[in-house]
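Spelled out from the first residue to the last, the chains are:
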Amino acid sequence: SIGKTIEGRDIFAVEISSPSRLRPDGTPKKTAYHEFNMHAREWLTSAVGQYYAEYLVKAYRSKDARVTAILDNMVIALVPVVNPDGYVHTWTADRMWRKNRRNNGNGTFGVDLNRNFPIFWGKEGASDDPASDNFHGAHPASEPETRAIMKYYSSLKNRITALEVHTCAQFIGYPFGGAAQLPPQPALNNFKTIATKMANTVAKGGGKEYSVVNLYNDVIPFTGLSIDYFYKPDNSTRAVYSLGFEFRRG
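Residues numbered from 1 in each chain as written. Predicted model: local features only at pLDDT ≥ 70, side-chain atom pairs only at ≥ 80, totals over all residues. Heavy atoms only, no water.

Draft legend 1. Main features of the overall build of the protein. Secondary structure assignment for the protein yields seven helices and nine strands. Along the three orthogonal principal directions, the C-alpha set of the protein runs to about 55 × 40 × 35 Å. Put simply, the protein has 250 residues, and 49% of those count as buried. Across the protein, contacts joining residues at least 24 apart in sequence account for 73% of those joining residues at least 6 apart. By element, 54% of the accessible surface of the protein is carried by carbon and sulfur atoms, the whole surface being about 11,900 Å². When the 30 basic and 24 acidic side-chain charges of the protein are each reduced to a single mean position, those positions are 6 Å apart. (Helix = DSSP H or I, 4+ residues; strand = E, 2+ residues; numbered from the N terminus. Buried < 20%, exposed > 50% of the residue type's maximum accessible area, 1.4 Å probe, protein only. Contact = heavy atoms within 4.5 Å. Areas by Shrake-Rupley, 256 points an atom, 1.4 Å probe, with all protein chains shown as cover. Lys, Arg positive; Asp, Glu negative; His and termini not counted. Charge placed at Lys NZ, Arg CZ, Asp CG, Glu CD.)

Draft legend 2. Inspection of the pattern of salt bridges at higher detail. Considering all chains together, one arrives at eight salt bridges under this definition. One salt bridge connects Asp133 with Arg41, and the closest N-O pair in it is separated by 3.5 Å. With Asp133 in the loop between α3 (84-92) and α4 (144-155) and Arg41 in the loop between β4 (30-35) and α1 (43-61), the pair connects residues that are 92 residues apart, well separated along the chain. Classification of Arg41 by relative accessible area gives partly exposed; the value is 23%. Here Asp112 and Arg98 are joined by a salt bridge, their closest N and O atoms 2.8 Å apart. Here Arg98 lies in the loop between α3 and α4 and Asp112 lies in the loop between α3 and α4, a separation of 14 residues in the sequence. Residue Arg98 is classed as buried on the basis of its relative accessible area of 10%. Salt bridges here are not isolated pairs; linked through shared partners, they connect Glu7, Arg9 and Asp85. (Salt bridge = Lys/Arg side-chain N within 4 Å of Asp/Glu carboxyl O.)

Draft legend 3. View of the packing of aromatic side chains. The final tally for this structure, using the stated rule, is 17 aromatic pairs. Ring centres of Tyr33 and Tyr153 lie 5.4 Å apart, and the angle between their planes is 70 degrees; this geometry places the pair in the edge-to-face category. In this pair, Tyr33 is assigned in strand β4 and Tyr153 in helix α4, connecting sequence segments 120 residues apart. A single burial state applies to Tyr33 and to Tyr153, both of which are buried. (Phe/Tyr/Trp six-rings, centres within 6.5 Å; stacked < 30°, edge-to-face > 60°.)

Draft legend 4. Layout of the packing of α1 against helix α2 (residues 65-73). At a minimum axis distance of 8 Å, the contact between α1 and α2 shows a crossing angle of 105 degrees. Judged by the angle between their axes, α1 and α2 are roughly perpendicular. Residue-level inspection shows Tyr55, Leu56, Ala59 and Tyr60 of α1 in contact with α2, the latter providing Val67, Thr68, Leu71 and Asp72. Of the residues assigned to the contact of α1 with α2, the class counts are six nonpolar, one polar and one charged. (Axes fitted to C-alpha atoms, helices over the stretch in contact; angles between N-to-C directions. Parallel < 35°, antiparallel > 145°, perpendicular 65-115°, else oblique. Nonpolar A, V, L, I, M, F, W, Y, C, P; charged D, E, K, R; others polar.)

Draft legend 5. Inspection of the pairing of β4 at higher detail. With five of six residues buried, β4 lies mostly within the body of the structure. As paired elements, β4 and strand β5 (residues 74-79) share six bridges and run parallel to each other. By the bridge assignment, Thr31 is partnered in β5 with Val75. Of the strand pairs in this sheet, β4 and strand β6 (residues 159-167) are connected by five bridges, and their pairing is parallel. Paired with Thr31 across the two strands is Arg159, which belongs to β6. (Pairing = 2+ DSSP bridges.)

Draft legend 6. View of the pairing of strand β7 (residues 171-174). Residues Phe171 and Gly173 line one face of β7 and the alternating positions Ile172 and Tyr174 line the opposite face, and both faces are buried. Where β7 lies against strand β8 (residues 211-214), four bridges are found, and the strand directions are parallel. Each residue of the ladder has a partner; that of Ile172, found in β8, is Val212. Handedness of the crossover joining β7 and β8 through helix α5 (residues 187-206) is recorded here as right-handed. Where β7 meets strand β9 (residues 241-247), three bridges bridge the pair, whose relative direction is antiparallel. Looking across to β9, one finds that Ile172 is bridged to Phe245. (Right-handed = clockwise from strand over helix to strand, strands pointing away.)

Okay, here's the thing in structure tokens:
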């Protein structure tokens, strides 16, 4: 467990790699971080996260050459369900619930965890209305789930990527969501190259076309996002490349 939710449930993380802490060349392994099910109603994301973990373990045990090469060189860190309270609520009370389950004290419940990170917080693309699905919370990182993710992410060694997974807008997005600024070069071209390769791989495997977008300029403003927090050019301790993967409908 990497922390507790507002209702006291555990938030679990899984780290998958080969037994050695070092790469074959003797250098420390890099870490790729993934998070799923931040928005409670997006059931597909947690299912994919769990499937991904199972696939990596089984493929490594069966000596799949590609997966073995990945896990010999990297640590794959996954949080399959960022928002357990909200997820349970979608099963027991409201299938379309999105937020966590904070009691806001005015008859409303929930903070949108993906508007709660301490970057571009409280600006356009988020709401100060506690009844809104996009309510950003009382202050930046007000929620225990947000703080748990931040603390866990900062504990990961040699981070090079961060991927947050959602449904269902069918795009792969790169920072920033909270401002019109773009990542500096050469990072911007690298973001586009990585995202395009992801989109092409998905199209080849499943026949569906995914758009590659800058969140703020090509979609809408999103403020307080985890991927903006994970990537910030003036803070070299954060991930080099962070992307939002929005699965398709159906």
